[in-house]
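Structural overview
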4 protein chains.
Amino acid sequence: MPGNSFGNIFKITTWGESHGKALGVIVDGCPAGLKISEKDIQLELDRRRPGQSKYTTQRKEADKVEILSGIFNGTTTGTPISMLIPNADAISKSYENFKDIYRPGHADLSYDEKYGIRDHRGGGRSSNRETVGRVAAGAIAKKILKTMKIKTFGFVSQIGNLKCEKIDANYIEKNPLRIPDKSKLKEMGDLIDSVRKQGDSIGGIIEVRSVGVPAGLGSPVFEKFDARLASAIMGIGGVRGFEIGLGFSVASMKGSQVNDIMVGKSKGKVKFDTNNAGGILGGITNGNDIILRFALKPTSSISQIQKSINSKGKVKNLQVKGRHDPCLCPRAVPIAEAMVNLVLLDCILENKLSTLKKIV
Amino acid sequence: MPGNSFGNIFKITTWGESHGKALGVIVDGCPAGLKISEKDIQLELDRRRPGQSKYTTQRKEADKVEILSGIFNGTTTGTPISMLIPNADAISKSYENFKDIYRPGHADLSYDEKYGIRDHRGGGRSSNRETVGRVAAGAIAKKILKTMKIKTFGFVSQIGNLKCEKIDANYIEKNPLRIPDKSKLKEMGDLIDSVRKQGDSIGGIIEVRSVGVPAGLGSPVFEKFDARLASAIMGIGGVRGFEIGLGFSVASMKGSQVNDIMVGKSKGKVKFDTNNAGGILGGITNGNDIILRFALKPTSSISQIQKSINSKGKVKNLQVKGRHDPCLCPRAVPIAEAMVNLVLLDCILENKLSTLKKIV
Amino acid sequence: MPGNSFGNIFKITTWGESHGKALGVIVDGCPAGLKISEKDIQLELDRRRPGQSKYTTQRKEADKVEILSGIFNGTTTGTPISMLIPNADAISKSYENFKDIYRPGHADLSYDEKYGIRDHRGGGRSSNRETVGRVAAGAIAKKILKTMKIKTFGFVSQIGNLKCEKIDANYIEKNPLRIPDKSKLKEMGDLIDSVRKQGDSIGGIIEVRSVGVPAGLGSPVFEKFDARLASAIMGIGGVRGFEIGLGFSVASMKGSQVNDIMVGKSKGKVKFDTNNAGGILGGITNGNDIILRFALKPTSSISQIQKSINSKGKVKNLQVKGRHDPCLCPRAVPIAEAMVNLVLLDCILENKLSTLKKIV
Amino acid sequence: MPGNSFGNIFKITTWGESHGKALGVIVDGCPAGLKISEKDIQLELDRRRPGQSKYTTQRKEADKVEILSGIFNGTTTGTPISMLIPNADAISKSYENFKDIYRPGHADLSYDEKYGIRDHRGGGRSSNRETVGRVAAGAIAKKILKTMKIKTFGFVSQIGNLKCEKIDANYIEKNPLRIPDKSKLKEMGDLIDSVRKQGDSIGGIIEVRSVGVPAGLGSPVFEKFDARLASAIMGIGGVRGFEIGLGFSVASMKGSQVNDIMVGKSKGKVKFDTNNAGGILGGITNGNDIILRFALKPTSSISQIQKSINSKGKVKNLQVKGRHDPCLCPRAVPIAEAMVNLVLLDCILENKLSTLKKIV
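Residues numbered from 1 in each chain as written. Chains lettered and ligands numbered in written order. Predicted model: local features only at pLDDT ≥ 70, side-chain atom pairs only at ≥ 80, totals over all residues.

Topic: the overall build of chain A
If you tally the helices and strands in chain A, you get 8 helices and 18 strands. A compact globule built from 360 residues should have a C-alpha radius of gyration of about 21 Å, and chain A, at 21 Å, falls within 12% of that. Oriented by its inertia axes, the alpha-carbon framework of chain A measures out at about 65 × 50 × 40 Å. Considering chain A as a whole, with its 360 residues, one finds that 67% of them fall into the buried category. A separation of at least 24 residues holds for 68% of the contacts in chain A among residues at least 6 apart in sequence. (Helix = DSSP H or I, 4+ residues; strand = E, 2+ residues; numbered from the N terminus. Rg over C-alpha atoms; globule rule 2.2 N^0.38 Å. Buried ≥ 20, exposed ≤ 12 C-beta atoms within 10 Å, placed from the backbone. Contact = placed C-beta atoms within 7 Å.)

Here's what the structure looks like:
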């Protein structure tokens, strides 16, 4: 309820602030018997790390993970896995000038209203740096899902007004924008360059897909699979919209166009002629791929001078210097994948208990 | 975790199937001392009730609520409030013909995959009828929020391709479509009539706003106010997309366009020049109105003949007779309001514990 | 958190007051596929029912259970099971005379302090009648556990200073005191008769055992199997002490006397030479029988005149008439069994997720 | 549910193994605005630390706490507080000889049965060392409770057959056994010396009291104040029994002897002539002092040669060398106090939400 935990069975709790000593995560509920090493975790953290290209913040963080508990002889023991990532390159003085000014688009005001105090350095707890813990935990979930042949991958499908037109899954991790359409790389890169030079930023859309997902995941009513995905994704900083399958376009369609028709069964798995529902029926997976999209707002920290107020309500001019991503999208991909994997694993674990046949 | 509960402090659990004996809800965690009666609850249930107009299902249900516990001398006592709504007009035989055929767009297949058994009558637990419990619980939340001068209202902003162009809050409850723009009533009504005559259905978009919301609600990281709203709304049957504030349109915008600028403080409340964020910064309310929208798919039950399969995978022709709403939107408005009110109240209660100053 | 729910996976929520319209329980998380009927539930409710003998309250309640949801064609569907038990023989006027006087030993004062209002009739929510919901839910757990060959039984081992000396499990349900030692029946019955004639009441001790319990149940640290049992048992009205295995007698013993020595393994099950630990090591079951005991205080409602105060603090004479058990023990047996079965089932379900081997 | 978290609002999660790199705790839900430093935490850790006297294990651990997050300028910010305590003096090779032998009285077997793997070094997660995290978290709760003038203190009331006869609260922290009766120190010390020389260990009883506790804490039915205390205390390693107020002695008493009579009201607080209930009525505090006791078994690790089996079931001789407390009681006092304080604070926070009057 204090909001720093996620998951019912494979439960994670993240902690830490942008400019504190360290950040970390506890994974409680990881089944015993999984071979996992710091290297497995590091691989995913490196995908999220700042400073990967000119399109991301220049803050230099090794984001070197240390596992402190829960693993014995390279294997999980069923006890809590504590992972710690030290902060190295925090330049808190960049934030001194506006420590009492509310940065537009940031949580400065709302944290002050809630708690009456906040760690202003680098955005404190509301910083994107908090997501290192999620990605570290997601790396464990990913490894378990791999044993079940379930794979999640995300990509940037739109930046500003520019949209990708084809999906080459192999290209995604080979370009710094994590787009799946090579033909758009130059144009999109130029757009980001241009807004950065203007001291501005730009929004975008990310799509995430999971393949190999079994039918039957999710629970009726309030813990629908899509409701859990929505909560997981909207919990990422800067997300303003979430959709599944056809998403918002269903608004202008007819039932006869939207319903996915089942055409047969093969090896116990139902076949559909379409996947308009994004793999979910009545909140429970139907065996189709999961397809979701979300919209990320342009980075709130821009170097243009903006007006704002201080905590007393006095109007001030503000220039947010620091080091910021001109577009949040590329680095949000591994974060979103981690969240989707955490939901998937949790629902798979829950599903083991859904019928007497599986239990007795 | 089994998915039938919602809320952390003001916690509700719904139960019941479409054609079972009754449906109901337990509200656990309602503070003592609230004056409330069955009449307060009935008012909201009547707004959700089927058979209100020719645009909704013709199933006749009085949806008469009975309070069984938790209220003494017209006042809540702090103990669980149990509310029961009997089922009256269930015509189960409409469902006999296709009890073993998976209706396209419905949860029949996915429930079977999860549980190996399902109550096929009227969709069982996955029926929209389950939401009577949510609306009954939401009515209590609404009454508490009213004492705090917080008000939530929703309306249908789009049906098919037709969009409302102005918002007259007073008009919403005066028309059967719950649209806020009188000039669109005929056109939208005609559209629904026309799809119904085709044995088809149509999607739409609903907007919900909350006014008078204090700053500071919601929690960092995983229980962000918008993440909780997203989960609440995506948990309503047929929702395919959710957005907050500017929503998906942020994807093509710049930071300098999206950031809401704070321009001063008046009576302890910060003033903004815009509300692009929909009242939420970093997952915590900023004192602006909450504005959200969601897309509803066209009703899956259509009377056109569709192809599908039975549980053995054999292809079958299917005609879903029953009685169904040609457009889910009008009746979804009170359901969505109920869910938003439940989130609001829960976050307000949590917020009472956020600082030592409020506690000691 | 509002306190009316129990269990993590097989989760129950009880509701209702002693003199309200009805009482009930929601079981959320029951696996699909269990054959169960109202008759199975009624059997256990009848064991708890008032008016069974001269040793219990003379209130006449049929305690007739009605299942309202979650069962289809006699089989659980995985959706919430709602059960309702109407109140019939509530004589609220017995309580009118002292509705503003705090009955000694009862929750009248403490509820008033917490909630500022209470349903004084028959003790309202704090009445022992609330436990019908627990017993109804426990009956479902019992039926599932039976398929796993796990059996729980309880008995009264002490009333006042009188202690049973032998355990004849077959005798327990054949006598109204639920004692396992026929030779003590007359003496114990006479004791209860005698205190009742004095307008007084008497305490006692109950022992509960579970046989066929697999090793590995319970979780480290805070959800130890014994911690969960303790919480379950201390949650029964009037319990003042709980112990497991040797219990309090370990205080005066040495390690060499208390340690249970493992002497071999047979059919995958470890054999011990003793069971001093009551079947639990480090909070996790070891395969031995579970053995616990708890102390019940003498019924607080006695017909002797007692002094007390009203809500304003004024001293008053009070005679609690109503109809009360002179000894709480016999009827507490099925309640305690229900709670133990609920803990057992929940831990068994959790255990299915403890290792990767069981999951993949 | 994985068992490493405690509390609903002021929620803690501990992690770490006896011979791992470190141990720690996350406190999530601590209200913002509390002045707290590592020194406040260290004070309590030092009370629990090994090597304090000849009566405790000779393992040397500084148990030096480091706060990694959640505190800014010496004040809590409402975000998770992460605390880390490094392991220094772990001598894992003492455990090599019996890494595959199940130590009697320990969790070796039961962890193996549950997880199929365990960190055998120093008992891994089941070690008493895990409680450093609880004590660190409890120190924060203690500081908040102090602002409300609530104080909890514990003491050893019995070791073996020797019982304290008077309670001098000032003496408790001045003697290594944490007994409140100076006249018993020599005798009890001699007893511990004698069992240690025999390579054996001895049990005992601890009493904990809380003074200044407001009425109204705890929740009906399943989260009764005493049920939560029982769970908290039974979660401490080696506890075999728990009682409140008169405890097990109520079994042989009459209602007229046990009921605490209310005799008046002064400054809004009800006065009782006795405190047989230990401060709790119907699971909710009544304003009296909380009084509880629990029985600790003799330390399972004894240096006498014991028989046991290995994981294959083969009988082996075992001599547990390591360094162990001959009596667990003195060091259990601060652990129990921490747990009681965590329950108290959580219930106080919950209580802020119990009536509309406190909320609106």
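Read on for the rest.
Observations regarding the interface of chain C and chain D
Interface size, as often reported, equals the accessible area lost upon joining of the parts. With 97 residues of chain C at the contact, the number on the chain D side is 96 residues. When grouped by side-chain class, the residues that make up the side of chain C that touches chain D number 38 nonpolar, 41 polar and 18 charged. (Nonpolar A, V, L, I, M, F, W, Y, C, P; charged D, E, K, R; others polar.)

Remarks on the interface of chain A and chain B
At the junction of the two partners, chain A supplies 97 residues and chain B supplies 96 residues. The residue makeup of the side of chain A that touches chain B, split by class, is 38 nonpolar, 41 polar and 18 charged. The pairing of strand 11 (residues 239-244) of chain A with strand 11 (residues 239-244) of chain B spans 3 bridges and is antiparallel. Pairing of A:Glu243 across the sheet is with B:Gly241, part of strand 11 of chain B. (Pairing = 2+ DSSP bridges.)

Observations regarding the relation of the copies chain A and chain B
Copy one and copy two of the chain differ by a rotation about a common axis and a shift along it. Screw-axis analysis of chain A against chain B gives a translation of 0.0 Å along the axis, an RMSD of 0.0 Å, and a rotation angle of 180°. Here the two chains are linked by the operation of a two-fold rotation axis. Comparing interface residues between copies, 99% of those in chain A also lie at the interface in chain B; the contact surface is shared. (Least-squares fit on C-alpha atoms with pLDDT ≥ 70 in both.)

What to know about the packing of helix 5 (residues 225-234) of chain A against helix 7 (residues 329-351) of chain A
Residue and element names in this part refer to chain A. Interaxial distance between helix 5 and helix 7 falls to 9 Å at its minimum, and their mutual angle equals 145°. Handedness of the crossing formed by helix 5 with helix 7: right-handed. The segment helix 5 lies against helix 7, with Phe225, Arg228, Leu229, Ala232 and Ile233 engaging Ala336, Met339, Val340, Leu342, Val343 and Cys347. Here the residues of the contact of helix 5 with helix 7 sort into 10 nonpolar, no polar and 1 charged. (Axes fitted to C-alpha atoms, helices over the stretch in contact; angles between N-to-C directions. Left-handed = near helix turned anticlockwise from the far one by under 90°.)

What about the relation of the copies chain C and chain D?
Laying chain C over chain D is done by rotating through 180° and shifting 0.0 Å along the axis; what remains is an RMSD of 0.0 Å. Residue by residue, 99% of the interface of chain C is reproduced at the interface of chain D, so both copies engage with the same surface.

Re helix 2 (residues 108-115) of chain B
Within helix 2 of chain B, 7 of the 8 residues are buried, leaving the element largely enclosed by the surrounding structure. Against strand 12 (262-266), strand 13 (269-272), strand 14 (280-281), strand 15 (284-285) and helix 7 of chain A lie the buried residues of helix 2 of chain B. Of the residues flanking the end of helix 2 of chain B, it is B:Gly116, one or two places downstream, whose phi is positive at about 75°.

Looking at the pairing of strand 3 (residues 22-28) of chain D
All names here are of chain D. Counting buried positions along strand 3 yields 6 of 7 residues, so the element is predominantly enclosed. Relative to strand 3, strand 2 (residues 11-16) runs antiparallel, the two being bridged by 6 bridges. Opposite isoleucine 12, over in strand 3, you have valine 27 as the bridge partner. Note that strand 3 and strand 7 (residues 81-86) share 6 bridges and pair antiparallel. The residue bridging alanine 22 from the neighbouring strand is proline 86, located in strand 7.

Some words on the sheet that holds strand 1 (residues 5-6) of chain A
All names here are of chain A. Taken together, the 5 strands give an open sheet; going across it, the order is 1-2-3-7-4, and neighbouring strands pair in antiparallel fashion. Because the sheet does not close on itself, it has two edges, and the strands there are strand 1 and strand 4 (66-67). With 2 bridges joining them, strand 1 and strand 2 (residues 11-16) adopt antiparallel strand pairing. Counterpart to phenylalanine 6 in the pairing with strand 2 is isoleucine 12.

A word on the confidence of the model for chain A
Mean pLDDT over chain A stands at 95; residues scoring 70 or higher make up 100%. Predicted complex metrics record ipTM = 0.97 and pTM = 0.97. (pLDDT = per-residue confidence, 0-100.)

With respect to the sheet that holds strand 1 (residues 5-6) of chain B
Read from one edge to the other, the open sheet built from 5 strands follows the order 1-2-3-7-4 (chain B), with strand pairing classed as antiparallel. Two strands in the sheet have a free side with no partner beyond their single neighbour: strand 1 and strand 4 (66-67) of chain B.

Structural notes on the packing of helix 1 (residues 38-48) of chain D against helix 3 (residues 131-147) of chain D
All names here are of chain D. One can describe the packing of helix 1 onto helix 3 by two numbers: an axis separation of 8 Å at closest approach and a directional angle of 135°. With respect to each other, helix 1 and helix 3 are oriented oblique. The way helix 1 lies across helix 3 gives a crossing that is right-handed. Where helix 1 abuts helix 3, its residues Asp40, Ile41, Leu43, Glu44, Leu45 and Arg48 lie against Thr131, Val132, Val135, Ala136, Gly138, Ala139 and Lys143. (Parallel < 35°, antiparallel > 145°, perpendicular 65-115°, else oblique.)

Details of unusual backbone geometry
For C:Lys149, which is not glycine, the phi dihedral falls at a positive 60°. With respect to the helices, strands and loops of the structure, C:Lys149 is situated in the loop between helix 3 (131-147) and strand 8 (151-159). Backbone geometry at D:Asn73 places phi at a positive 50°, although glycine is not the residue there. By the element assignment, D:Asn73 lies in the loop between strand 5 (71-72) and strand 6 (75-76).

Comments concerning the environment of A:Gly279
Residues and elements named next belong to chain A. By the element assignment, glycine 279 lies in the loop between strand 13 and strand 14. Considering only alpha carbons, one finds glycine 279 and arginine 48, 231 residues apart in sequence, at a separation of 27 Å. Contact partners of glycine 279, with chain neighbours within four places excluded, come to Val213, Thr285, Asn286, Asn288, Asp289, Ile290 and Ile291.

A word on helix 1 (residues 38-48) of chain A
Think of an α-helix as turning once every 3.6 residues; residues three or four places apart then point the same way. Residue and element names in this part refer to chain A. Buried within helix 1 are the following residues: Ile41, Glu44, Leu45 and Arg48. Along helix 1, the residues classed as buried sweep out an arc of 100° about the axis, all on the same side. Tucked inside the fold, the buried residues of helix 1 contact strand 7 (81-86), helix 3 (131-147) and helix 7. (Arc of directions from axis to C-beta.)

Points about the environment of A:Arg323
Residues and elements named next belong to chain A. Position of arginine 323 among the secondary structure elements: in the loop between strand 18 (315-319) and helix 7. With 16 C-beta atoms packed within 10 Å, arginine 323 lands in the partly exposed category. With 20 residues separating them in the primary sequence, arginine 323 and serine 303 have C-alpha atoms 9.4 Å apart. Ignoring anything within four residues of it in the chain, the contact list for arginine 323 reads Thr57, Gln58 and Arg59.

As for the environment of A:Gln42
Residue and element names in this part refer to chain A. Secondary-structure assignment places glutamine 42 in helix 1. By C-beta crowding, glutamine 42 is classed as partly exposed, having 18 other C-beta atoms within 10 Å. Glutamine 42 sits 297 residues away from methionine 339 along the chain, and the two C-alpha atoms are 17 Å apart.

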